Amino acid sequence: MTEQPAVREIPEPPVNPENRPYFEACAQGRLLIGRCNDCGQHHFYPRVICPSCFSNRTEWIPSEGTGTIYTYSTMHRGTPVPYTVAYVTLDEGVTMLTNLVDCDPARLAIGQRVRVVFAKTVAGTSVPMFTPA
Amino acid sequence: MSIRGRAYIVGAFEHPTRKAPEHSVAQLHAECARGALLDAGLDRRDVDGYFCAGDAPGLGPLSMVDYLGLRVRHVDSTDTGGSSYLVHVAHAAQAIAAGHCNVALVTLAGRPRSEGSAGTQPRNYGAGAPDAAFELPYGIATVNGYGMVAMRHMHEFGTTSEQLAWIKVAASHHAQHNPHAMLRDVVTVEDVVASPLIADPLHRLDCCVVSDGGGAVIVARPEIARSLGRPRVRILGSGEAPKGQDGGRVDLTVSGAAWSGPAAFEEAGVKPADIQYASIYDSFTITVLMQIEDLGFCAKGEGGRFVADGNLISGVGRLPFNTDGGGLCNNHPANRGGMTKIIEAVRQLRGEAHPAVQVPGCTLALAQGTGGQLGSRHGSATLILERE
Ligand SMILES: [Zn+2]
């Protein structure tokens, strides 16, 4: 298995008023998750109304950007560049969809420690991805 | 209000085409509707309820009711992806029980094969989807989403690629008898695991076909069902359950069938062990494995052992499944396999499946669908049907 090329064109996320703070933080190299000040639960993806208790007393909080691989799959066919989708469970307890980059896909494993890195989309928006820690 | 025994599936039709570049999608819907009415022995003017999902062109039931020339007093366009049509049958039974209609027509059609659709293309339900910003950049397609589900199942339960392959092997044993099936060659476990790896750990032969076509079913109240000269398929129970990421508490080891299944069994008053034939949604081999566990045909984590050694092959194993060849070998019209799951269950209960795969004395069947993506968010729907 060869090193995963870093030239995949990353599609642009549809940024809207509700999710804009997330992408503004990404541009500064910070990963945000949602926290509810009523039930205390973290959530992902972040949203204004808490998905756990439906409170509107939610806030954005920074994640440490570290976690473990919950699952992953490398696409080998039907794509100009192989790439790896994954769910990463952050140390704050929420699990997020992402890509695993700067790694040999053949050497990945569920449970492996990873840390966040930021990649640029085709339009220059920063999005969080993960690489082996 | 229970729907148990309140309505019957009186007509079913699977379009014979698997490639229809010269058809419009609306035309395919109409041909399926016509086929199901002929099968039932009903007239278009008998239809007073119409059901369709996101595959219907235009403004769903408004465009289609007008195009089909229907005069209806009840419509439903519930869209839970490929499981929609099982939900529609349940909703039609509810509407009939409540007196909102007498004869409900459900149609599905699409041309993904002619339009160049592939499971390796990223899924996009529009920029307004609240999850889109957090998922589109990562290229979650269909096959790698299910790949992640299979990867986690293997990690937690020791499931192997060879066990998954048995699901395709069983489907191929059935498809050899279906003249309309896209893939009619019997394959072996070795063939499946030696086919090209598409998205870890799924191989090409772990995937369903991409086909044009469609299907339709007709649901009617008991008095109408009894007036028709066809074997009667009674709706005993149903369940529906959407499942998502639960605010970041992602658990890919369980599908919505863990909720829709028990609801359907309870309403029907039967147990998994009573089921003689099962249509189980088979977008990928792992899809079948997950639902078999979640429906209670075996314990969670035991699916790999359950499906091995031909246990899903009619005449061989304990749980004959998808005797038309399923989505894995026969047909997956509009990339939505729920309709064909209902149709083959109806064939089995009527004794109209191919003689080589017909379950002898089949009186109790289950049809199970999922739609959307097991790897992100999906709908599950279960129907339990009885030959009266
Ligand atoms: Zn809360």
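Residues numbered from 1 in each chain as written. Chains lettered and ligands numbered in written order. Predicted model: local features only at pLDDT ≥ 70, side-chain atom pairs only at ≥ 80, totals over all residues. Heavy atoms only, no water.

A.B. asks: Is there a simple way to explain the confidence of the model for chain A in this structure?
C.D. replies: Detailed reading of the predicted coordinates is not advisable wherever pLDDT falls low. In this model, chain A carries an average pLDDT of 95, and 95% of its residues clear a pLDDT of 70 or more. For the stretch residues 1–5 of chain A, pLDDT sits under 50, and the model shows 16 contacts to residues farther than four places along the chain or on other chains. (pLDDT = per-residue confidence, 0-100. Contact = heavy atoms within 4.5 Å.)

A.B. asks: Could you clarify how one ought to interpret the sheet that holds strand β10 (residues 364–372) of chain B in this entry?
C.D. replies: All names here are of chain B. Within the open sheet, the nine strands sit side by side as β3-β2-β4-β7-β1-β8-β11-β10-β9. Their pairing is mixed. Each of the sheet's edge strands pairs with one partner strand only, and the pair in question is β3 (74–76) and β9 (277–280). Direction aside, neighbouring strands of the sheet carry axes that sit 20° apart on average. Direction of pairing for strand β2 (residues 49–51) relative to strand β4 (residues 103–110): parallel, over a ladder of three bridges. Looking at the pairing, F51 lines up with V106 of β4. This element, helix α2 (residues 61–68), spans β2, β3 and β4 of the sheet and lies at about 125° to β2. (Pairing = 2+ DSSP bridges. Helix = DSSP H or I, 4+ residues; strand = E, 2+ residues; numbered from the N terminus. Axes fitted to C-alpha atoms, helices over the stretch in contact; angles between N-to-C directions.)

A.B. asks: Can you help me understand the coordination of the zinc ion in this one?
C.D. replies: Six octahedral donors around a metal ideally make angles of 90 or 180 degrees; four tetrahedral donors ideally make 109.5 degrees. All names here are of chain A. Note on the zinc ion: its protein donors are C36 (SG), C39 (SG), C50 (SG) and C53 (SG). The metal-donor distances range over 2.3 Å. Its four donor atoms give the zinc ion angles of 105 to 116° at the centre, a pattern that matches the tetrahedral case. Written as a sequence motif, the donor arrangement for the zinc ion is C-x2-C-x10-C-x2-C. Of this pair, C39 sits in the loop between β1 (32–36) and β2 (42–43) while C53 sits in the loop between β2 and β3 (58–62), and the two are 14 residues apart along the sequence. On the accessibility criterion, C39 (31% relative accessible area) is partly exposed. Relative accessible area serves as the criterion here: at 36%, C53 is assigned to the partly exposed category. (Donors = N, O, S within 2.8 Å, 3.2 Å for Na, K, Ca; no water. Tetrahedral: all angles 85-135°; square planar, octahedral: opposite > 155°, others 65-115°. Buried < 20%, exposed > 50% of the residue type's maximum accessible area, 1.4 Å probe, protein only.)

A.B. asks: Looking at this model, I keep getting lost on the interface of chain B and chain A. Mind explaining?
C.D. replies: Many descriptions give the size of an interface as the accessible area lost when the pieces come together. Contact residues are listed per partner, giving 38 residues for chain B and 41 residues for chain A. Regarding the contact of chain B and chain A, the summed buried area is about 3200 Å², with carbon and sulfur atoms giving 60% of it. On inspection of chain B and its partner chain A, the count reaches zero salt bridges. The interface formed by chain B and chain A contains 21 residue pairs in polar contact (both at pLDDT 80 or more). Only α4 (132–135), α5 (143–157) and β5 (197–199) of chain B provide two or more residues apiece to the side of chain B that touches chain A. (Buried area = accessible area lost by both parts, 1.4 Å probe. Salt bridge = Lys/Arg side-chain N within 4 Å of Asp/Glu carboxyl O. Polar contact = N/O pair within 3.5 Å; in protein donor to acceptor, adjacent residues only side chain to side chain.)

A.B. asks: What's the story with helix α1 (residues 20–27) of chain A in this structure? I'm lost.
C.D. replies: Three or four residues apart is the spacing at which side chains of an α-helix point the same way, because the helix has 3.6 residues per turn. Turning to α1(A), its buried residues number three or more, namely Y22(A), F23(A), A25(A) and C26(A). What you see down the axis of α1(A) is that its buried residues fit within an arc of 155°, all on one side. Where the residues of α1(A) are buried, they touch β1, β3, β6 (95–100), β7 (113–120) and β8 (126–132) of chain A together with α4 of chain B. (Arc of directions from axis to C-beta.)

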